[in-house]
Amino acid sequence: MTKIKDMSKRERKVLDACHNGWFMSGEYRAIMDGHERSFNADSKRLLFKDVDKWFSSHEQNHADLPLLVKYVAA
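Each chain has its residues counted from 1, running along the sequence as written. The predicted origin of the model limits local features to residues at a pLDDT of at least 70 and limits the giving and counting of side-chain atom pairs to 80 or more, whereas totals for whole chains, interfaces and linings rest on all residues. Processing note: side-chain calculations cover all non-hydrogen atoms of the structure and skip hydrogens and water entirely.

1. Regarding the overall build of the protein chain
How we decide: Numbering of helices and strands starts at the N terminus; helices are DSSP runs of H or I of at least 4 residues and strands are runs of E of at least 2. Our radius of gyration is a C-alpha quantity, and the globule rule it is checked against amounts to 2.2 Å times the number of residues to the power 0.38.
Looking only at helices and strands, the protein chain has 2 helices and 3 strands in total. Tracing the protein chain from N to C terminus, the helices and strands come up as α-β-β-α-β. Relative to its length of 74 residues, the protein chain is compact, with a C-alpha radius of gyration of 11 Å against a globular reference of 11 Å. Principal-axis analysis of the C-alpha atoms places the extent of the protein chain at approximately 30 × 30 × 15 Å.

Written out as structure tokens, the structure is:
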């Protein structure tokens, strides 16, 4: 993983959303402007990796919109 000081604005946004939404391993949901996707993660690092990949595919049209990552189930 890239050091925080070397992250792009997008990566930092995703990292903050994952960090704020992290509770424990389980199912998570990322939501942004009506787009939603579920992820299963055992660590913050895995959650970040998956959400970052998903978010980067939407970055062109939705980069300035808020991103919410929330814990759904164990």
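Moving on from the model shown.
2. Description of helix H1 (residues 9-21)
As a reminder of what qualifies: Under the convention used throughout, the expected extent of a helix is 1.5 Å for every residue step, that is, one less than its residue count. Residue contacts are counted whenever heavy atoms from the two residues lie within 4.5 Å of one another.
Counted at 1.5 Å a residue, the expected span for H1 with its 13 residues is 18 Å, and the 18 Å between its end C-alpha atoms agrees. Looking at the buried positions of H1, the neighbouring elements they touch are strand S1 (26-32), helix H2 (44-62) and strand S3 (68-73).

3. Thoughts on the sheet that holds S1
Put simply, the rule reads: Here a strand pair is declared whenever DSSP counts at least two bridges between the two strands. Angles shown run from 0 to 180 degrees and are taken between the N-to-C directions of axes, each axis being a line fitted to C-alpha atoms and, for helices, limited to the stretch in contact.
Within the open sheet, the 3 strands sit side by side as S2-S1-S3. Their pairing is antiparallel. Looking at strand neighbours, the two that pair on one side only are strand S2 (35-41) and S3, the edges of this open sheet. The average angle at which neighbouring strand axes cross in this sheet is 25°, direction not considered. Note that S1 and S2 share 7 bridges and pair antiparallel.

4. Overview of the nonpolar core
In plain terms, the rule: Among buried residues, the Ala, Val, Leu, Ile, Met, Phe, Trp, Tyr and Cys ones that are joined through side-chain atoms within 4.5 Å form a nonpolar core. For every residue, the accessible area obtained with a 1.4 Å probe (protein chains only) is divided by the maximum for its type, and the residue is called buried under 20%, exposed over 50%, and partly exposed between those limits.
Ranked by internal contacts, the top residues of the largest apolar core, which has 17 residues, are Leu47, Val51, Leu67 and Val69. Contributing elements (two or more residues each) for this core: H1, S1, S2 and H2. With near-sequence residues (within four places) excluded, Val51 lies in contact with Val14, Cys18, Ala30, Phe39, Leu67 and Val69.

5. Overview of the side chain of Glu11
Test applied: By the counting scheme adopted, Arg and Lys are positive, Glu and Asp are negative, and His together with the chain ends is not counted. A pair is scored as a salt bridge if a Lys or Arg side-chain nitrogen falls within 4 Å of a carboxyl oxygen belonging to Asp or Glu. Polar contact is the term for a pair of N or O atoms within 3.5 Å; when the atoms are in protein, one must be able to donate a hydrogen and the other to accept it, and sequence-neighboring residues count only if both atoms are side-chain atoms.
With respect to the helices, strands and loops of the structure, Glu11 is situated in helix H1. For the buried residue Glu11, which engages in no salt bridge, the nearest side chain bearing the opposite charge is Arg10, 4.5 Å off. At 2.9 Å, the side chain of Glu11 and the backbone nitrogen of Ser8 are in polar contact. Once residues lying within four places of it in the same chain are set aside, the contact partners of Glu11 are Thr2, Phe48 and Asp52.

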